[in-house]
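# Residue-level structure breakdown
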Amino acid sequence: MKIGFLGPKASFTYAAAKAAFPENTAELIAFDTITEVIRSYENGSVDFAIVPVENSIEGSVHQSVDYLYLQADNIRTQAEIIQPIKQQLMATSQNRKIEKILSHPQAIAQSLKYLQQHFPEAKIESTDSTAYAARYVAAHPDKNLAAIAPLASATEYGLTVIAHDIQEIDENFTRFWLLGQTVPAINLPIETQKMTLALTLPDNLPGALYKTLQVFADFGINLTKIESRPLKTFLGEYFFILDAQYSDNYPYLIHALEKMGVSVKKLGRYKVYKMSSDKENKMK
Ligand SMILES: O=C(O)C(=O)C[C@]1(C(=O)O)C=C[C@@H](O)C=C1
């Protein structure tokens, strides 16, 4: 079984993939960008793909969500994995002068307060993943660089952590979706069961959003998230992503929405699993 993930090894996505598929029979295949991870699944070169979708500090990972709604066809999320996220600042040695800090934009945003306070002069550069940043820093010991990445990246690429847990608040979590055709057996605690829909509302229907949400209320379905994203057509045109608690009324809900002229894309019905933190893992 092949699983595509946002690489390289020791990224947060790698940790989520490992937690879902710890067996040696699972072959984890690294891709450079989130789009490439999803495409690898679309073109059949992997059986499952795992991508980050939302962080509790920084919000949605737009590259994942936009691709799944606007470009992908018929891709379903089969499981969600929630990972506690701790960001570490790492360099080739403890007392290194730091002129530039590299990381994934989500990790930079989660750590921005720390960076502004402690490294106001440093240049900040985005990379495609945290682990890529760590690997790059390790490969350029002659430059005054640091990376923001998971603890596992420091070990993997031989870097020294110079500041621990620099994310804005301690309670920091990222949701990852596992895309696939079948529901895999995952040996992690289950938190809840959810469903995600992406909706485009009919034009010229006054109160369209209100009426759409009324349908959820009528079926007693509890929404857990609603977000609008640009349709990338014209200014002011949006689609909505809605997460809700799973309900057996799901087919009736979709039918009622479609009857109103709402275009519905099903992104998945899935169990939500929770990983334990690095610290909890070490104590086991
Ligand atoms: O760069 C990584 O390590 C990733 O797996 C990506 C990603 C993200 O896109 O949100 C995953 C978790 C963290 O929130 C930061 C970065």
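Residues numbered from 1 in each chain as written. Predicted model: local features only at pLDDT ≥ 70, side-chain atom pairs only at ≥ 80, totals over all residues. Heavy atoms only, no water.

## What to know about the site of the ligand
- Taken together, 15 residues surround the ligand, and among them Phe12, Thr13, Gln110, Thr130 and Thr174 come closest.
- Between the ligand and Thr13, the relevant distance is 2.5 Å, taken from an oxygen atom to a side-chain nitrogen or oxygen of the residue.
- In this structure, His104 approaches the ligand through a side-chain N or O atom, which is 3.4 Å from an oxygen atom.
- When the free accessible area of the ligand is taken as 360 Å², the share hidden by the protein chains comes to 100%.
- One can see that the ligand is located within the largest cavity.
- Of all the elements in the fold, those that place two or more residues in the shell around the ligand are helix H1 (12-20), strand S3 (48-55), helix H4 (105-110) and strand S11 (173-179).
- Of the residues assigned to the shell around the ligand, the class counts are six nonpolar, nine polar and no charged. (Near = heavy atom within 4 Å. Polar contact = N/O pair within 3.5 Å; in protein donor to acceptor, adjacent residues only side chain to side chain. Areas by Shrake-Rupley, 256 points an atom, 1.4 Å probe, with all protein chains shown as cover. 1 Å grid on protein atoms, 1.4 Å probe; cavity = no way out; pocket = protein on both sides within 12 Å on 5 of 7 lines; lining within 4 Å. Sits in = over half its atoms within 2 Å of the grid points. Helix = DSSP H or I, 4+ residues; strand = E, 2+ residues; numbered from the N terminus. Nonpolar A, V, L, I, M, F, W, Y, C, P; charged D, E, K, R; others polar.)

## Here we look at empty space enclosed by the protein
- All chains considered together, the criterion is met by two cavities of 30 Å³ or more.
- Of the volumes computed, that of the largest cavity is approximately 180 Å³.
- Counting residues per element, the ones that place at least two in the lining of the largest cavity are H1, S3, H4 and S11.
- For the lining of the largest cavity, the element with the most residues is H4, which contributes three residues.
- Across the lining of the largest cavity, the residue classes tally to seven nonpolar, ten polar and no charged.
- When we break the lining of the largest cavity down by domain, the ones giving at least three residues each are domain 1 (2-84 + 173-180) and domain 2 (88-163).
- There is about 40 Å³ of room inside the second largest cavity. (Points joined across faces, edges and corners; volume = space filled by probe spheres on them. Domains from an automatic or database assignment.)

## Looking at the UniProt feature "domain: Prephenate dehydratase" (unreviewed entry) in the protein chain
- Mapped onto this structure's residue numbering, the UniProt feature "domain: Prephenate dehydratase" (unreviewed entry) falls at residues 2-181.
- Counted over residues 2-181, helix gives 32% and strand 31%. Its end C-alpha atoms are 13 Å apart. (UniProt positions renumbered as here; feature names shortened; annotations may be inferred.)

## Points about unusual backbone geometry
- In this structure, Pro8 follows Gly7 across a cis peptide bond, with omega equal to 0°.
- Along the chain, the position of Pro8 falls in the loop between strand S1 (2-6) and H1.
- Of note, Asp165 is a non-glycine position whose phi angle comes to about 50°, a positive value.
- Checked against the element boundaries, Asp165 lands in the loop between strand S10 (160-163) and S11.
- Using a relative accessible area of 31% as the deciding quantity, one classes Asp165 as partly exposed.
- Residues other than glycine seldom take positive phi values, yet Lys232 does so here, at roughly 65°.
- Looking at where Lys232 falls in the secondary structure, it is placed in the loop between strand S13 (223-230) and strand S14 (238-245).
- A relative accessible area of 56% places Lys232 in the exposed class. (Buried < 20%, exposed > 50% of the residue type's maximum accessible area, 1.4 Å probe, protein only.)

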